[in-house]
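Here's the letter readout for the chains.
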Amino acid sequence: MPISNALTALLDDTAKAVRTYEAEAKAALDRGDRDAHSKALQAKCELLEDLPAGIDALPAEETTPGLARARKAASSMSQRASQALSLNSLFYMANLLYPDDYEEGQPNELERLVAAIVETEES
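Just so it is clear, the model here is predicted, and its values are computed rather than measured. (Residues numbered from 1 in each chain as written. Predicted model: local features only at pLDDT ≥ 70, side-chain atom pairs only at ≥ 80, totals over all residues. Heavy atoms only, no water.)

**Considerations on the overall build of the protein**
Then comes step 1: A count of helical and extended segments in the protein gives six helices and zero strands.
Then comes step 2: Ordering the α and β elements of the protein from the N terminus gives α-α-α-α-α-α.
Then comes step 3: Taken against the 2.2 N^0.38 rule, which gives 14 Å for 123 residues, the C-alpha radius of gyration of the protein at 15 Å falls within 12% of a compact globule.
Then comes step 4: Reported as C-alpha extents along the three principal axes, the dimensions of the protein are approximately 50 × 25 × 25 Å.
Then comes step 5: The buried share of the protein, taken over its 123 residues, is 36%.
Then comes step 6: Taking the intrachain contacts of the protein between residues at least 6 apart in sequence as the baseline, contacts between residues at least 24 apart amount to 74%.
Then comes step 7: Surface accessibility of the protein: about 7200 Å² in total, with carbon and sulfur atoms responsible for 51%. (Helix = DSSP H or I, 4+ residues; strand = E, 2+ residues; numbered from the N terminus. Rg over C-alpha atoms; globule rule 2.2 N^0.38 Å. Buried < 20%, exposed > 50% of the residue type's maximum accessible area, 1.4 Å probe, protein only. Contact = heavy atoms within 4.5 Å. Areas by Shrake-Rupley, 256 points an atom, 1.4 Å probe, with all protein chains shown as cover.)

**What about helix H4 (residues 67-87)?**
Then comes step 1: Between the first and last C-alpha of H4 there are 30 Å, a value that for 21 residues agrees with the 30 Å anticipated at 1.5 Å per step.
Then comes step 2: All of the buried residues along H4 are Leu67, Ala70, Ala73, Ala74, Met77, Ser78, Ala81 and Ala84. Angular distribution of buried residues about the axis of H4 spans 140°; they occupy a single face of the element. Residues of H4 that are exposed and point over 90 degrees away from its buried face: Ala68, Lys72, Gln79, Ser86 and Leu87. (Expected span 1.5 Å × (residues − 1). Arc of directions from axis to C-beta.)

**Re unusual backbone geometry**
Then comes step 1: Look at Asn88: it is not a glycine, yet its phi comes out positive at around 55°.
Then comes step 2: By the element assignment, Asn88 lies in the loop between H4 and helix H5 (90-95).
Then comes step 3: In the Ramachandran plot, Leu97 falls in the positive-phi region, its phi being about 90° despite a non-glycine side chain.
Then comes step 4: Within the element layout of this structure, Leu97 appears in the loop between H5 and helix H6 (109-122).

**Some thoughts on the pattern of salt bridges**
Pairing between side chains of opposite charge can happen when the charged atoms of each approach one another.
Then comes step 1: Tallied over the entire structure, the rule returns eight salt bridges.
Then comes step 2: Note that Lys26 is salt-bridged to Asp30, the shortest N-O span being 2.9 Å. Pair noted here: Lys26 and Asp30 are both in helix H1 (residues 3-30), with a separation of four residues, about one helical turn. Accessibility classification places Lys26 together with Asp30 in one group, the exposed group.
Then comes step 3: Here Asp33 and Arg31 are joined by a salt bridge, their closest N and O atoms 3.8 Å apart. (Salt bridge = Lys/Arg side-chain N within 4 Å of Asp/Glu carboxyl O.)

Set out below in structure tokens:
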């Protein structure tokens, strides 16, 4: 698998896992299970914390479109996820990847990154 495909797959899989953790957190909150809600949000943040390492584990290839952008974005997401965990802020964990003006159904920051990299690869 070429690195660009591997990079896109890694980011896409991570974005899907983020949405899964968020859905689990919401379901837990809806049923009043605060412990499960917290654990799902923590898992989301831990996944984002590890994203730079996942990108770094891909075979190095300087000419890969989007690799530098993905590394920079993943580093930012990882740092913010680490902050959310260190503050133990469920609000921050839940809203990580979403701008203040986010509306339900719009892509989050990671999903927009995937779309941009795919667009770069297709150019």
